[in-house]
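# Architecture at a glance
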Amino acid sequence: MNLQQLRAHAITHSLFPPTHLKAAINRLGFVQADPIRSPARAQDLILRQRVKGYRAGDLERRYADLDLDEDFLYAYGFVPRATWQLLHPRETRGLKPLEKKVLEVVQEGGELHPKELEAHLGRKRAVNAWGGYSKATTRALQHLHYCGLLRIARRESGIRIYQAALPPEDSLPLAQRLQNVVMLVANILAPVPEKSLRQALSHLRHLGDARAQLPACELERHTVDGLTYLWPVSSKRKSVEAPRAVRILSPFDPLVWDRRRFEHLWGWRYRFEAYTPAAKRVRGYYAMPILWREAMIGWANVSVTAGKMDAQLGFIGECPTDADFRLALDEELARMGYFLGSLVGGTIPLSRK
């Protein structure tokens, strides 16, 4: 296998033909979430490439009917119930007194907004994982959710509404769960550098050493330019030409997620700069990679002002000038406008090495 074939495999495996919402989520197995809206949340930007007629917010609007949960895999996101079953039960012994009280309140009250806990338990603050302060009750809710004792019933304006979770049904033996999780993550990120897969699996220590399961899993292995890639044997490679289409991808899209693979496959370094000081940004606050056929040719910063969408485009080399690219770009911008419910405004192409 050469680099071109590896690129084609990554694109055709991840960007499957658009289908309906539930089928797309089940096929992905996991949709990463991120709260930044620039121009939309990560989960919506990921799904718009894989769901017919998708509009921003459809996942949140239909969440309760899709048999989904929110949970942490190698990152935080939305998972089908089958994926949730692999992750639980997590360790639930040794709950703190406050956590036990919060769990009791939620179990008695059904669905619960975090603010409602203040009436029961007050507004005590605690240091959070980033060194700042958050309400102790909110942290207790988050820990109980991580343990699988609570689930997200729905969201109100992006705020998680909690309810008691049902226990896992017929949980598999731990060793089988571990193997299944390894195969799931390998499939989501396929083809994935072995080092990147091991790093992703390191977030699953509560299940045991998922990385130790790699030799027992049915994974195909190929080395290209000294980098070893893995993917499930069942993930069939198709020798098909990439469509003459432009796609503007989320920074958290499975095709973009692993920066090691991105740089190897497309020859340039992409970084998410939302948390970089403005003066040090190279490509923009929420620069989204642009895929043209099999090449990542640049990035787009998309914004909506007064119902009008504008896109500023940057390119690694020169902006393609052929008519096919211009037509494909216009079609992608029209799809983005439909997704955002916005009129398509102008684009400002920039050429930058």
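Residues numbered from 1 in each chain as written. Predicted model: local features only at pLDDT ≥ 70, side-chain atom pairs only at ≥ 80, totals over all residues. Heavy atoms only, no water.

### Some remarks on helix α1 (residues 3-14)
Between its first and last C-alpha atoms α1 spans 17 Å; for 12 residues at 1.5 Å apiece the expected length is 16 Å, and the two agree. Along α1, the positions that sit buried rather than exposed are Leu 6, Arg 7, Ala 8, His 9, Ala 10, Ile 11, His 13 and Ser 14. Summarising the contacts, the buried residues of α1 are in contact with α2 (21-28), α9 (174-188), β9 (219-224), β10 (227-232), α11 (259-266) and β12 (288-292). The N-cap residue of α1 is Asn 2: its side-chain oxygen and the backbone nitrogen of Gln 4 are 3.2 Å apart. (Helix = DSSP H or I, 4+ residues; strand = E, 2+ residues; numbered from the N terminus. Expected span 1.5 Å × (residues − 1). Buried < 20%, exposed > 50% of the residue type's maximum accessible area, 1.4 Å probe, protein only. Contact = heavy atoms within 4.5 Å. Polar contact = N/O pair within 3.5 Å; in protein donor to acceptor, adjacent residues only side chain to side chain.)

### What to know about the confidence of the model for the protein chain
Residues shown with low pLDDT carry predicted positions that ought not to be read at fine detail. The share of residues in the protein chain with pLDDT of 70 or more is 91%, and the mean pLDDT across the chain is 90. Taken together, the stretch residues 128-133 has pLDDT below 50 and engages in eight contacts with residues farther than four places along the chain or on a different chain. (pLDDT = per-residue confidence, 0-100.)

### What about the packing of helix α6 (residues 97-109) against helix α8 (residues 136-147)?
The interhelical angle for the contact between α6 and α8, taken along N-to-C directions, is 75 degrees, at an axis separation of 9 Å. Comparing their axes, α8 and α6 come out roughly perpendicular. Residue-level contacts link Leu 98, Glu 99, Val 102, Leu 103 and Val 106 of α6 to Ala 136, Thr 137, Ala 140, Leu 141, His 143 and Leu 144 of α8. Its residues placed into classes, the contact of α6 with α8 shows eight nonpolar, two polar and one charged. (Axes fitted to C-alpha atoms, helices over the stretch in contact; angles between N-to-C directions. Parallel < 35°, antiparallel > 145°, perpendicular 65-115°, else oblique. Nonpolar A, V, L, I, M, F, W, Y, C, P; charged D, E, K, R; others polar.)

### Describing α11
Where burial is concerned, most of α11 is hidden: six out of the eight residues are buried. Of the positions making up α11, those classed as buried are Arg 259, Arg 261, Phe 262, His 264, Leu 265 and Trp 266. On its buried side, α11 packs onto α1, β8 (192-193), β9, β10, β12 and β13 (295-305). Positive backbone phi, at 75 degrees, marks Gly 267, one or two positions downstream of α11.

### Details of the side chain of Gln 213
Structurally, Gln 213 is set in the loop between α10 (194-201) and β9. Excluding its chain neighbours within four sequence positions, the residues that come into contact with Gln 213 are Ala 175, Leu 178, Gln 179 and Val 182.

### Details of the pairing of β12
The side chains of a regular strand alternate between both faces of the sheet. Here β12 lies mainly inside the structure; five of its five residues are buried. Where β12 meets β13, five bridges bridge the pair, whose relative direction is antiparallel. Residue pairing for β13: Ile 290 is matched across the bridge by Gly 298. Remark: two residues form the turn of the hairpin made by β12 and β13, two consecutive strands paired antiparallel; Arg 293 in that turn has positive phi of roughly 55 degrees. (Pairing = 2+ DSSP bridges.)

### Focus: the nonpolar core
Grouped together as the largest cluster of nonpolar side chains are 76 residues, with contacts concentrated most on Leu 47, Leu 255, Met 296 and Met 336. Here the element with the most residues in this core is helix α12 (residues 323-340); it accounts for seven residues. Grouped together as the second largest cluster of nonpolar side chains are 27 residues, Val 182, Val 185, Leu 189 and Leu 214 included. (Core = buried A, V, L, I, M, F, W, Y, C linked by side-chain atoms within 4.5 Å.)

### Comments concerning the side chain of Ser 250
Along the chain, Ser 250 falls in the loop between β11 (246-248) and α11. What makes Ser 250 buried here is its relative accessible area of 0%. A distance of 2.9 Å separates the side chain of Ser 250 from the backbone nitrogen of Phe 252, its partner in a polar contact. Look past the residues within four positions of Ser 250 in its chain and what remains in contact with it is Ala 42, Leu 45, Ile 46, Val 256 and Tyr 286.

### Some points on the environment of Tyr 162
Counting through the fold element by element, Tyr 162 comes out in strand β7 (residues 159-164). Overall, Tyr 162 belongs to the buried group, its relative accessible area being 2%. Along the sequence, Tyr 162 and Leu 150 sit 12 residues apart, while their C-alpha atoms lie 6.4 Å from each other. Once residues within four sequence positions are removed from consideration, Tyr 162 is found in contact with Val 106, Gly 110, Glu 111, Leu 112, Pro 114, Leu 141, Gln 142, His 145, Leu 150, Arg 151 and Ile 152.

### Notes on the packing of α9 against α10
At a minimum axis distance of 10 Å, the contact between α9 and α10 shows a crossing angle of 125 degrees. Put simply, α9 runs oblique to α10. Crossing handedness for the pair α9 and α10: right-handed. In this structure, α9 contributes Val 182, Val 185 and Ala 186 to the contact, and α10 contributes Leu 197, Ala 200 and Leu 201. Partitioned by chemical class, the residues of the contact of α9 with α10 number six nonpolar, no polar and no charged. (Left-handed = near helix turned anticlockwise from the far one by under 90°.)

### Brief notes about the sheet that holds strand β1 (residues 31-32)
Pairing is antiparallel in the open sheet, where three strands are placed in the order β1-β3-β2. Each edge of the sheet is formed by a strand with only one pairing partner; in this case those strands are β1 and β2 (68-72). Both β2 and strand β3 (residues 76-80) contribute to a ladder of five bridges, which runs antiparallel. Paired with Phe 72 across the bridge in β3 is Tyr 76.

### Re the sheet that holds β9
The strands making up a sheet associate through backbone hydrogen bonding, with each pair oriented either parallel or antiparallel. Strands sit in the order β8-β10-β9 across an open sheet of three strands; the sheet is antiparallel. Of all the strands in the sheet, just β8 and β9 have a single pairing partner and so form its edges. In terms of strand pairing, β8 meets β10 through two bridges, oriented antiparallel. Considered in β10, the bridge of Pro 193 is made with Tyr 229. Taken strand by strand, α11 contacts β8, β9 and β10, and its axis lies near 110 degrees from that of β10.

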